[in-house]
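Structural features, examined
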Amino acid sequence: MKSSVEDIRRRFDADVERFSNLDTGQSATVDAPLAMALVAKAAAATTTHARHVLDVGCGAGNYTLKLLESLPGLDVTLIDLSRPMLDRAVERVAKATAGTVTAIQGDIREVELGDGRFDIVVASAVLHHLRTDVEWRAVFTAFHRALRPGGSVWVFDLVESAIPAVQRLMWERYGEYLSGLKDDAYRDHVFAYVEREDTPRPLTFQLDLLREVGFTQVEVLHKNVCFAAFGAVMDGQPRPV
């Protein structure tokens, strides 16, 4: 049995301090600082007109903070399961932007995003908690609908391989990374909670799904072992400010 939403919420409630650290908060995630920088730079480069960013599974706000370095003054909407994590994100982000900051505690599968409200959507290390293909399609569809013309969505997450032999190879290499980072006990600890909590999908599945829900410009920024940064840009001309 996979962890419930409440189980996942409780784990993140207790881990606010670690996830508030830009350098070490996601050490178990391969190339986390690089991916954060690439996502922020790609979002800023493709969506220069942006006025409003939606950060899904915002954690302590690290991705929005990095994005605000390139696009200052944005309005920000933050969504997270964890109230303590959300409170920390609001505290940090409010100091970094002159725009409005809105916090929503909830599950992305249940939050109504609306139509054409945002210019950028970022989702880091959150979508792997989706369970069924129906949920994946619904969430990607909601992202597409929530963006204004010319907007963009950017994801960094744990991914599977569609080829079983490659999946075994990538998982072995990820285990070597975790053991090298700390030790074999740490590797086993991470593997246990991934097995308990996560249901990632292949990168190819997610890229195809982005196209299926309406994005025509899809791009991979980075992939290393079983983590990938990627995104898509909406058709249409940005609305004038």
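So, here is what we can say about the structure in this document. The structure presented is a predicted model; accordingly, all values stated were derived computationally and were not measured. (Residues numbered from 1 in each chain as written. Predicted model: local features only at pLDDT ≥ 70, side-chain atom pairs only at ≥ 80, totals over all residues. Heavy atoms only, no water.)

Okay, the environment of Asp184 next. Assignment of secondary structure puts Asp184 in helix α8 (residues 184-197). Distance from Asp184 to Leu86, taken between C-alpha atoms, is 32 Å for residues 98 residues apart in sequence. For Asp184, the side chain forms a polar contact with the side chain of Ser179, separated by 2.7 Å. (Helix = DSSP H or I, 4+ residues; strand = E, 2+ residues; numbered from the N terminus. Polar contact = N/O pair within 3.5 Å; in protein donor to acceptor, adjacent residues only side chain to side chain.)

Most of strand β2 (residues 75-80) sits out of view: 5 of its 6 residues are buried. Two elements, strand β1 (residues 52-56) and β2, share 5 bridges in a ladder whose sense is parallel. Across the sheet, the residue bridging to Asp55 is Leu78, located in β2. Following the chain from β1 across helix α4 (residues 62-70) to the adjacent parallel β2, one finds a crossover that is right-handed. Bridge count for β2 against strand β3 (residues 101-105) is 5 bridges, and the pairing is parallel. Note on β3: the bridge partner recorded for Leu78 is Ala103. For the segment spanning β2, helix α5 (residues 83-94) and β3, crossover handedness is right-handed. (Buried < 20%, exposed > 50% of the residue type's maximum accessible area, 1.4 Å probe, protein only. Pairing = 2+ DSSP bridges. Right-handed = clockwise from strand over helix to strand, strands pointing away.)

A few words on the layout of surface pockets. The computed volume of the second largest pocket comes to approximately 160 Å³. Forming the boundary of the second largest pocket are Lys2, Leu158, Val159, Glu160, Gln167, Trp171, Phe191, Val194, Glu195, Asp198, Thr199 and Pro200. Those elements that provide at least two residues to the lining of the second largest pocket are α7 (164-181) and α8. If one sorts the elements of the lining of the second largest pocket by residue count, α8 sits on top with 3 residues. (1 Å grid on protein atoms, 1.4 Å probe; cavity = no way out; pocket = protein on both sides within 12 Å on 5 of 7 lines; lining within 4 Å. Points joined across faces, edges and corners; volume = space filled by probe spheres on them.)

Once that is clear, we can look at the nonpolar core. Grouped together as the largest cluster of nonpolar side chains are 41 residues, with contacts concentrated most on Ile120, Trp154, Tyr174 and Val190. Per-element accounting of this core gives the leading share, 7 residues, to helix α3 (residues 32-46). By size, the runner-up hydrophobic cluster in this structure holds 33 residues, among which are Val121, Ala123, Leu207 and Phe215. (Core = buried A, V, L, I, M, F, W, Y, C linked by side-chain atoms within 4.5 Å.)

Pairing of strand β6 (residues 217-224) with strand β7 (residues 227-233) involves 7 bridges; the strand directions are antiparallel. Within β7, the position partnered with Lys223 by the bridge is Ala228. Between the end of β6 and the start of β7, which pair antiparallel, lie 2 residues, with Val225 showing a positive phi angle near 55°.

What follows is about the sheet that holds β7. In spatial order, the strands read β3-β2-β1-β4-β5-β7-β6; together these 7 strands make up an open sheet with mixed pairing. Looking along the sheet, the strands with just one partner apiece sit at the ends: β3 and β6. Here the strands of the sheet are splayed against their neighbours by 15° on average, with no regard to which way each runs. Contacts from α5 reach β2 and β3, with the element oriented near 175° to β3. (Axes fitted to C-alpha atoms, helices over the stretch in contact; angles between N-to-C directions. Contact = heavy atoms within 4.5 Å.)

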